[in-house]
Amino acid sequence: MKKNTNDLILKTLTQLIAFLLLGFSIYLFFAGHNAPGGGFIGGLMTASAIILMYITYGIEKIQQILPINYITMFIAGLMIATLSGVGAIMFGVPFLSQTFGYFDIPFFGETELATALIFDLGVYLAVVGVTMTIILTIATDATEDNEMNEEKVEA
Amino acid sequence: MTNLMILPIVLPLIASALVAFFPNKLNIVRPVSMILSVIFTIISAYLTWYVFSNGTIVMQSGGWDAPFGISIVADPLSMLLVTTTYIVSTAAVFYAPSSLDEQQERFYFYTFFFLLVSGVAGAFMTGDLFNLFVFFEVLLIASYGLIILGNGKVQLRESLKYVLFNLFSSMLFVISVAFIYAITGTVNFAQLAERIESVDQQGILTTVGIVLFFVFAVKAAVFPLYYWLPNSYAVPNPVVSALFGALLTKVGIYSIMRVFTLIFVHDTGITHQIFLWLAVLTMVFGVIGALSTNNVKLIITYNIIPAIGFILMGIGLYTETSLAGSVYYLMHDMVIKGALFFLIGALVVAAGTSDLRKMSGVIQKFPLLGWLFFIASLVLAGIPPFSGFIGKLLLLQGGLQQEEFLVVIIALLSSLLILFSMMRIFIRGFWGEVQEGITTNRKKVRNLTIPAAILVSISVFLGIGAEAVYPHIETIANMLMDRTEYIDSVLKE
């Protein structure tokens, strides 16, 4: 990313679109358990927003701003999703059973909270983690990420 | 208690995520994996005991009753195989640190390992055809991760073959599930079994059944579809080969057993007769393969194939005795194949080569390894009083009852040849003058021998203690022949 590129339009639009994408992905995530949407599609949309930022601003800059280890992220997602299923056993109902209730949350008013959301959160994290890991592994070439590649060759 | 039946599937899944958090801290990951495996084995053994004493337990996940939800069916057959899986995999965890180099262990070996166990346990326990496909994918994805550990040129070539073959058969699997759903309107095993008789066009069902058989036959390495197996199983690290040889092909043959004793039994004259002849061909070609090579790893890998033939023969004969034989042989083969792959791994380390022509006299330096290998060979070939004998005896009895004399004769001949192929390794590798280049790293060989010794002693027990084990196997065979019990326990809570 040494070269000065002429991408003013892309940069300006990204500032706007990335936020729209992130916002909409969160909406999809929360809508998921009883309307179209869910952790999977929400996760994909979040990943696409992050990738758009990567394309526009370059890998180094984004890694400074978002220092996330995506591998850990998807493992955490897997863990949350599995545990949300196991949690049902603790209450004496079958694996993966779901329940929901209405709670009065300040500012939002009466809101429906479902345990399906926890499972969805796991899926969301797993999807973002996996997508980003795959794309960044393909996108980073040998010179940029020497350490990781050397490890792979030896393994 | 019902809800706990998910544990054999979920616990390794959690463990796989847990050890993935710190792949580089091997001094934590190794003991944690070992302890967890032992605990899981104990839990699943307890659940198995519970199922054997209280009958089949069905868990409807998410509280959705069958046939709408996904049923996890813990019947004696499934639980027996799950526990055997856990025993073999626990031995593998103890074998892994000495067998793999650290770089490979860091590359998420334990994560893929637990994922594989979870997938195998799930495939054994699921009561739903589509869910079976899902668990097949889980274990296949884990196996893709394991097979490329090592990253050599040959290995990459063989893994590519492996991946392509499995992808193709998975695709065929989904297609046949779709066909079955179109014909019967359900994918739940129990409901399928109920509806299969009322379908008008039995011919279509038979065809779909055969397609499904080919899917499973690819995974199980039955005769025309086995040629991908020997090389791709022989190339990876011994611990990975052991897991594959002991577990993956067995999932395929288990699926054949389940599907063709529970669902597609409407036209056994066609389907099961085909199985019988494929079984014979599988035995013959597997043994010929084992005799054709001087690579000790390949000899053991080829020996997976005739074992599948024996199990398939029991399914093809389709009597209570022969099915009992199949189940016994299946269980015995999981244990002994694990042990043999471990022993061969140790032998290759000890001798410094996998070429039989360059080995000799290993037993003089490593007597324990030599004698364990000798016993394991006898077990594999089915010499009384070991466990292979009990399984084969039942199978041959079943064959004689059905008056399939030719099949019985070929089966006997091929077990003789199996013994011959194993004794070749023993005579040429272990006897004779001490060769040059034999390893001085005695500690490593010892660490590799101990897990194998445990598995060998279990399989010796399965033979000598047959009197204690056999009644349970008979119960399982009874249940396989009488489908109503399975159907009732899933559909009528």
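About the criteria used
- Residues numbered from 1 in each chain as written.
- Chains lettered and ligands numbered in written order.
- Predicted model: local features only at pLDDT ≥ 70, side-chain atom pairs only at ≥ 80, totals over all residues.
- Helix = DSSP H or I, 4+ residues; strand = E, 2+ residues; numbered from the N terminus.
- Buried ≥ 20, exposed ≤ 12 C-beta atoms within 10 Å, placed from the backbone.
- Contact = placed C-beta atoms within 7 Å.
- Nonpolar A, V, L, I, M, F, W, Y, C, P; charged D, E, K, R; others polar.
- pLDDT = per-residue confidence, 0-100.
- Pairing = 2+ DSSP bridges.

### A word on the environment of V163 of chain B
All names here are of chain B.
And then number 1: Assignment of secondary structure puts V163 in helix α7 (residues 153–184).
And then number 2: The class for V163 is partly exposed, based on 16 C-beta atoms found within 10 Å.
And then number 3: Once the C-alpha coordinates of V163 and S232 are considered, the two residues, 69 residues apart in sequence, prove to be 10.0 Å apart.

### Here's the deal with the interface of chain B and chain A
And then number 1: At the junction of the two partners, chain B supplies 18 residues and chain A supplies 17 residues.
And then number 2: For the side of chain B that touches chain A, the secondary-structure elements that each account for two or more residues are α1 (7–20), β1 (57–60) and α4 (102–106) of chain B.
And then number 3: By residue number, the principal contributor to the side of chain B that touches chain A is α1 of chain B, which donates 5 residues.
And then number 4: When the residues that make up the side of chain B that touches chain A are grouped by side-chain class, the tally is 10 nonpolar, 8 polar and no charged.

### Section: the confidence of the model for chain B
Segments scoring low in pLDDT should not have their predicted coordinates read at a detailed level.
And then number 1: Per-residue confidence for chain B averages 88 on the pLDDT scale, and 100% of its residues sit at or above 70.
And then number 2: ipTM for the predicted complex: 0.81, alongside a pTM of 0.91.

### Let's talk about the confidence of the model for chain A
And then number 1: Averaged over every residue, the pLDDT of chain A is 81; residues scoring 70 or more account for 87%.
And then number 2: The lowest-confidence element of chain A is helix α6 (residues 146–154) of chain A, averaging 46 in pLDDT; the highest-confidence one is helix α2 (residues 39–57) of chain A, averaging 90.

### Topic: the pairing of strand β2 (residues 109–114) of chain A
All names here are of chain A.
And then number 1: Of all 6 residues in β2, 0 are buried; the element is thus mostly exposed.
And then number 2: For strand β1 (residues 100–105) and β2, the ladder comprises 6 bridges, and the chain directions are antiparallel. Its bridge partner being in β2, F100 is matched across the sheet by A114.
And then number 3: Between the antiparallel neighbours β1 and β2 lie 3 residues, among them F107 with a positive phi of about 75°.

### Examining the pairing of strand β2 (residues 71–74) of chain B
Residues and elements named next belong to chain B.
And then number 1: By the alternation rule, side chains of β2 split into S71 and V73 and I72 and A74, which are all buried.
And then number 2: As paired elements, β1 and β2 share 4 bridges and run antiparallel to each other. Within β2, the residue paired with V58 across the bridge is V73.

### Some details on the environment of G370 of chain B
Residue and element names in this part refer to chain B.
And then number 1: Along the chain, G370 turns up in helix α17 (residues 367–381).
And then number 2: Taking the C-alpha atoms as reference, G370 lies 6.4 Å from F430; in sequence the two are 60 residues apart.
And then number 3: Once residues within four sequence positions are removed from consideration, G370 is found in contact with V362, I363 and F430.

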